[in-house]
Amino acid sequence: MVGITQPRPGEHVNANGVWDLLQNKGKMTVFSLCLLLCADLLDLAVGYLTVTIEPLPPVVVGETVTLKCNFKTDGRLREIVWYRVTDGGTIKQKIFTYDAMFNTNYSHMEDYRRREDLVYQSTVRLPEVRISDNGPYECHVGIYDRATREKVVLASGNVFLTVMSPPNNISVVAENTPAPFSRYQAQNFTLVCTAKGGKPAPSVYFKRDGELIEVISYTQTSSEQGGGSAGVRGARPLISRDLDDTKLQRSLSLLDPEGRVPPPRPYTESTQRLHTQGQQANEPSPATEVIPETVVSREFPRWVHSTDPLYYFSHTNIPQSDGSVVVQARLTWTLNPQLDNDALFSCEVKHPALSMPMQTEVTLAAPKGPKLSMTPTRAKVGDTVRITVQGFQNEVFPEPLFTWTRVGGRLLDGSAERDGKELILERVPAELNGSMYRCTAQNPLGSTDTHTRLIVFENPSMMKNTQNQNNGASRVDVLGLTWMALVLTVTVELT
């Protein structure tokens, strides 16, 4: 750099080299002083500006949120602008501006959507936040450049607003209903609990008679990997009920040589379930027991279970356009009508926006004694008769399947049976008088039959028309005989 070499031991430095070194060092010192002086002048011209925003805790829909922008500067304030960032940061929408030159503030939102107001220059309040308000926000602060007084120096800070929404609706239904009742073979049964409107997705679990159900998850999502959403209860026998042993005759083939019931041999039904990719082949799945040679009662069979039933649990999250999530949870087990009849199942939903879980419940029940009504109450020949199911002696869940048949014959349209809550007989003939109709109401828990007799009365208007037709025919006959008598008289006179 200086143009002089380091002297070797025992050598002397040239005088010209020493002068060159001192001269070069003097130039570097002056240059450094100039740089420091320019930096100080630039700092005095621009000033300093820092912007920070306090982080916000999650808020619930309907609450009021305050966005506070903190800034420090020794310059002259020009404006403060709040932006809402959307589409992953590609779009920034102005929501509020404070103009320090004119000491005014205004909203950039449409009048019907204007909800924000300025509290103090850089502080904005959003009353009654919505799910759509969820997302990042930025505060931009501008000060005047001291050097030109025309340029504006900007600095910004950002904050993320997390808006939570509790579920606004939960419901429990039975999947694949209405369904028939099987007297001779056990079948799978599935309860579906749907929770709508939650953000983030709530956790859903099932209870039986007030106790959490131990479940086996046969599908998993990322939200479940941290821990099962359904609770675990200790192993316990199902609720005991008064069972009539006279209604059940076990086949000896079901017992092993020691007289014990062997473990059930489940097989997987061909249910329409899609398993996630990567699921292990030996992962448990819903199963139905095959019980051969079992003689059961007509109303309520009792399936032979050696252990508590296995409950299989799965759930799916369906994102919605408004940012909420619809959660559908399924509980599947092998139905035992003798034990599950009158069992109370509840679906509970937990969410960070709720102080206590939401709950909805259903009681499994077989149909008993449907009430039938017939219109018109006094049916006449040629009328259209409607036989309708009005209700039951008890609450029925799941939805029953109704089947109509005619005792000892076919229905009026020639079919053997008809499904539906109503049977329509159009233009009933007199031949149906006294016919008996059977309504079979059934669900997976049991079935019941109710009969009603159709009484058909004579129709006076139809009888009158028939009489008029008969009278007209008799008049024609009388006229014909009269003409024949006249012809015979004339013939006799002429002869």
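What counts as what
Residues numbered from 1 in each chain as written. Predicted model: local features only at pLDDT ≥ 70, side-chain atom pairs only at ≥ 80, totals over all residues. Heavy atoms only, no water. Pairing = 2+ DSSP bridges. Helix = DSSP H or I, 4+ residues; strand = E, 2+ residues; numbered from the N terminus. Phe/Tyr/Trp six-rings, centres within 6.5 Å; stacked < 30°, edge-to-face > 60°. Buried < 20%, exposed > 50% of the residue type's maximum accessible area, 1.4 Å probe, protein only. Lys NZ or Arg CZ within 6 Å of the ring centre and 35° of its normal. Core = buried A, V, L, I, M, F, W, Y, C linked by side-chain atoms within 4.5 Å. Contact = heavy atoms within 4.5 Å. Disulfide = S-S within 2.5 Å. Salt bridge = Lys/Arg side-chain N within 4 Å of Asp/Glu carboxyl O. pLDDT = per-residue confidence, 0-100. Axes fitted to C-alpha atoms, helices over the stretch in contact; angles between N-to-C directions.

For this particular structure, what's the right way to read the sheet that holds strand β14 (residues 203-208)?
Two orientations exist for strands paired in a sheet by backbone hydrogen bonds: parallel and antiparallel. Read across the sheet, four strands follow the order β15-β14-β21-β22 without closing on themselves; strand pairing throughout is antiparallel. Bordering the open sheet on either side are β15 (211-212) and β22 (358-363), each of which pairs with just one other strand.

I'm lost on the packing of aromatic side chains in this one. Help?
Two numbers describe a pair of aromatic rings. These are the distance of the centres and the angle of the planes. Enumeration over the complete set of coordinates arrives at six aromatic pairs. Consider the rings of Phe189 and Trp333, whose centres lie 5.4 Å apart with planes at 80 degrees: the pair is edge-to-face. One end of the pair, Phe189, is in strand β13 (residues 188-198); the other, Trp333, is in strand β20 (residues 325-334), and 144 residues separate them in sequence. The pair formed by Phe189 and Trp333 is uniform in burial state, with each residue classed as buried. Here the aromatic residues Phe189, Tyr311, Trp333 and Phe345 are joined through ring pairs into a cluster of three or more. When the ring centre of Phe457 is taken as reference, the NZ or CZ atom of Arg378 above it lies at 3.8 Å.

In this structure, what is going on with the nonpolar core? I would like to understand it.
For soluble globular proteins, the rule of thumb is that nonpolar side chains tend to be buried together. Ranked by size, the top nonpolar core spans 28 residues in total, and within it Leu191, Phe206, Leu331, Trp333, Phe345 and Leu364 carry the most contacts. Where this core is concerned, the elements lending two or more residues are β12 (169-174), β13, β14, β19 (311-319), β20 and β21 (344-350). Broken down by element, this core gets its largest block of residues, five residues, from β20. With sequence-adjacent residues up to four places away left out, Trp333 is seen in contact with Gln187, Asn188, Phe189, Leu191, Leu310, Tyr311, Asp340, Phe345 and Leu364. In terms of nonpolar packing, the next biggest core, distinct from the first, is built from 24 residues, Cys69, Leu77, Val124 and Val163 among them.

What exactly am I supposed to notice about the state of the cysteines here?
A covalent bond bridging the sulfur atoms of two cysteines is what the word disulfide describes. Under the counting rule described, the total for this entry stands at two disulfides. A sulfur-sulfur separation of 2.2 Å characterises the disulfide bridge that pairs Cys69 with Cys139. Between Cys69 and Cys139, the S-S dihedral sits near -90 degrees, and the bridge is therefore left-handed. Here the residue Cys69 occupies a position in strand β3 (residues 65-73), and Cys139 occupies one in strand β9 (residues 135-144), the gap between them amounting to 70 residues. Comparing Cys69 with Cys139, the two get one shared label, buried. The disulfide partner of Cys193 is Cys347, and the S-S distance across this bridge is 1.9 Å.

Just checking my understanding: could you explain the pattern of salt bridges for this structure?
Where charged atoms from two side chains of opposite charge come close, those side chains can pair. Applying the stated rule across the entire model yields nine salt bridges. Its salt-bridge partner being Glu138, residue Lys92 comes within 3.0 Å of it at the nearest N-O pair. Remark: Glu138 occurs in strand β9 and Lys92 occurs in strand β5 (residues 91-99); sequence separation between them is 46 residues. Overall, the relative accessible area of 14% leaves Glu138 in the buried class. Among the salt bridges present, the one from Lys207 reaches Glu348, with a minimum N-O distance of 3.2 Å. Of this pair, Lys207 sits in strand β14 while Glu348 sits in strand β21, placing them 141 residues apart in sequence. In terms of burial, Lys207 and Glu348 fall into one category: buried. A single network of salt bridges, built from pairs that share partners, joins Arg208, Asp209 and Asp340.

Any chance you could explain the confidence of the model for the protein chain here in plain terms?
Do not read the fine detail of predicted coordinates wherever pLDDT is low. Per-residue pLDDT for the protein chain averages 75, and the proportion of residues at 70 or more is 63%. Note on residues 220-300: pLDDT under 50 across the span, and 147 contacts to partners over four residues away in sequence or across chains.

Can you walk me through the sheet that holds β12 in this structure?
The strand order across the open sheet formed by five strands is β12-β13-β20-β19-β16, and the pairing between neighbours is mixed. Of all the strands in the sheet, the pair left with one neighbour each is β12 and β16 (215-217). Ignoring strand direction, the axes of neighbouring strands in this sheet form an average angle of 25 degrees. As judged from the six bridges shared by β12 and β13, these two strands associate in the antiparallel manner. Within β13, the residue paired with Ile170 across the bridge is Ala195.

Hey, could you run me through the pairing of β3 in this one?
Regular strands have side chains that alternate between both faces of the sheet. The pairing of strand β1 (residues 49-53) with β3 spans five bridges and is antiparallel. Its bridge partner lying in β3, Leu49 is registered against Thr73. Alignment of β3 against strand β8 (residues 123-126), held across four bridges, turns out to be antiparallel. Note that in β8 the partner of Thr66 across the bridge is Arg125.

Is there a simple way to think about unusual backbone geometry in this case?
Keep in mind that most residues, glycine aside, have a negative phi and that most peptide bonds are trans. Thr375 connects to Pro376 through a cis peptide bond whose omega is -5 degrees. Turning to its location among the elements, Pro376 is positioned in the loop between β23 (371-375) and β24 (379-380). Residues Phe397 and Pro398 are joined by a peptide bond in cis, for which omega reads 5 degrees. Along the chain, Pro398 falls in the loop between β25 (385-391) and β26 (401-406). Positive phi outside glycine occurs at Asp209, with the angle close to 50 degrees.

Where do I start with the pairing of β25 in this structure?
Here β25 lies mainly inside the structure; five of its seven residues are buried. Judged from the five bridges that link them, β23 and β25 form a sheet pairing that is antiparallel. Along β25, the bridge assignment pairs Ser373 with Thr388. Relative to strand β28 (residues 422-425), β25 runs antiparallel, the two sharing four bridges. When the sheet's bridge partners are listed, Thr388 is paired in β28 with Glu422.

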